[in-house]
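The primary structure of each chain is shown beneath.
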Amino acid sequence: MASPTILALDFDGVLCDGLIEYFQTAWRAYCQLFDRADGTPPAGLAERFYPLRPVIETGWEMPLLLHALLEGVTDVAVLADWPAIAQQILAGTGLTADRTMAVVDGVRDRWIRTDLTGWLSQHRFYPGVLEQVQGAIAAGVYPVIISTKEGRFIQQLLAQHDLPLEAAQILGKEVRQPKTATLQQLLAQPPVGTPGQATIWFIEDRLLTLHRVAAQPDLDAVTLFLADWGYNTEAERAEAHRDSRIHLLSLSQLVQGFPAWVA
Ligand SMILES: [Mg+2]
């Protein structure tokens, strides 16, 4: 089983590094949500935000994280207890996750509409990953992107590169289900043209997401990888390394091909 039939990949932090865009979008959304003039972010805010990126699961949390930092919540507290802090901010401000998400997506849509080149320039693909996916396609593997980002944003970014993915292979936030449910579907009903008995390998940079997959007995056959180049902390990488279910994967292993990933 040294290769998958379906290669499932997270997008942010696995294929693409959009940390700079992420902060800019978060800042613009924060200004809109908290009635602040959309000026230059305070000095040092971006530098605090970047290493805290691993705590964020879905885009609506981004402007709330900036709000927390500007309200005096410490980085240590964010790393230890972000989900509870985010819920407290929602309760305290009367905002909802849906409204906050709509503002974040609106900021991104407007940016793409008015300055596509500038928006694209704030992203970079990790070295070698797209080439690996292309090689996998050539070898008959079916890749699928499973992300909490809207698929239309992923399509804009992939359009710059020669990666022949169909719309059905980009499962973004619009599918409105957890990644575990998407993996269960892929396993139960493998895409047309792939073997009836699917072998799924899933690369993700968020340890909590891998833990959720590992907690589903019907996903026991899915091979799990934590991308060590993505948005995760040293402690999370160490935990993944100790976990017999999860393979800690580096970019240098990735480019060596499938057998090296599970070696
Ligand atoms: Mg990610």
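In this text the structure is predicted, and so the values were computed from the model without any measurement. (Residues numbered from 1 in each chain as written. Predicted model: local features only at pLDDT ≥ 70, side-chain atom pairs only at ≥ 80, totals over all residues.)

**Q** How should the overall build of the protein chain be read in this particular structure?
**A** A tally of regular secondary structure across the protein chain gives 13 helices and eight strands. Scaling as 2.2 N^0.38, a compact globule of 263 residues should have a C-alpha radius of gyration of about 18 Å, and the protein chain matches this with 19 Å. For the protein chain, the spread of C-alpha atoms along the principal axes amounts to about 55 × 40 × 30 Å. (Helix = DSSP H or I, 4+ residues; strand = E, 2+ residues; numbered from the N terminus. Rg over C-alpha atoms; globule rule 2.2 N^0.38 Å.)

**Q** Would you mind going over the packing of helix 2 (residues 45–52) against helix 3 (residues 61–70) with me for this structure?
**A** Axis angle and axis distance: for two packed helices, these are the angle between their axes and the distance between the axes, and together they describe the pair. Two elements in contact, helix 2 and helix 3, have axes whose closest approach is 11 Å; the angle formed by their N-to-C orientations is 125 degrees. Accordingly, the angle class assigned to the pair helix 2 and helix 3 is oblique. Seen from above, helix 2 lies across helix 3 with right-handed handedness. Where helix 2 approaches helix 3, its residues Leu 45, Arg 48, Phe 49 and Leu 52 are matched on the opposing element by Leu 65, Leu 66 and Leu 69. Partitioned by chemical class, the residues of the contact of helix 2 with helix 3 number six nonpolar, no polar and one charged. (Axes fitted to C-alpha atoms, helices over the stretch in contact; angles between N-to-C directions. Parallel < 35°, antiparallel > 145°, perpendicular 65-115°, else oblique. Left-handed = near helix turned anticlockwise from the far one by under 90°. Contact = placed C-beta atoms within 7 Å. Nonpolar A, V, L, I, M, F, W, Y, C, P; charged D, E, K, R; others polar.)

**Q** Looking at this structure, I do not really get the domain arrangement of the protein chain. What am I missing?
**A** The assigned domain composition of the protein chain is domain 1 (6–17 + 124–261) and domain 2 (19–121). Between domain 1 and domain 2, the C-alpha centre-to-centre distance is 25 Å. In this complex, domain 1 contributes 13 residues to the contact, which on the side of domain 2 involves ten residues. If you tally residues by element for the side of domain 1 that touches domain 2, the top one is helix 8 (residues 151–158), at three residues. A breakdown of the residues in the side of domain 1 that touches domain 2 according to their chemical character gives three nonpolar, five polar and five charged. (Domains from an automatic or database assignment.)

**Q** How should unusual backbone geometry be read in this particular structure?
**A** A negative phi angle characterises most non-glycine residues, just as the trans form characterises most peptide bonds. One non-glycine residue, Asp 35, lies in the positive phi region at around 50 degrees. Along the chain, Asp 35 turns up in the loop between helix 1 (19–33) and helix 2.

**Q** Help me understand the environment of Val 76 in this model?
**A** Within the fold, Val 76 resides in helix 4 (residues 75–93). Look at Val 76 and you get exposed, because 8 C-beta atoms sit within 10 Å. (Buried ≥ 20, exposed ≤ 12 C-beta atoms within 10 Å, placed from the backbone.)

**Q** Quick question: what am I supposed to make of the sheet that holds strand 5 (residues 170–171) here?
**A** By definition, the strands of a sheet pair up through backbone hydrogen bonds, in either a parallel or an antiparallel sense. Ordered by their spatial adjacency, six strands build an open sheet running 5-4-1-6-7-8, and the pairing between neighbours is parallel. Edge strands, defined here as strands with exactly one partner in the open sheet, are strand 5 and strand 8 (246–249). Pairing geometry for strand 7 (residues 223–227) and strand 8, over four bridges, is parallel. Each residue of the ladder has a partner; that of Phe 225, found in strand 8, is His 247. With respect to the sheet, helix 9 (residues 179–188) is in contact with strand 1 (6–9), strand 4 (142–146), strand 5 and strand 6 (200–204), its orientation differing from that of strand 6 by roughly 160 degrees. The strands touched by helix 11 (residues 234–242) are strand 7 and strand 8; relative to strand 8, the strand with the most contacts, the crossing angle is about 130 degrees. (Pairing = 2+ DSSP bridges.)

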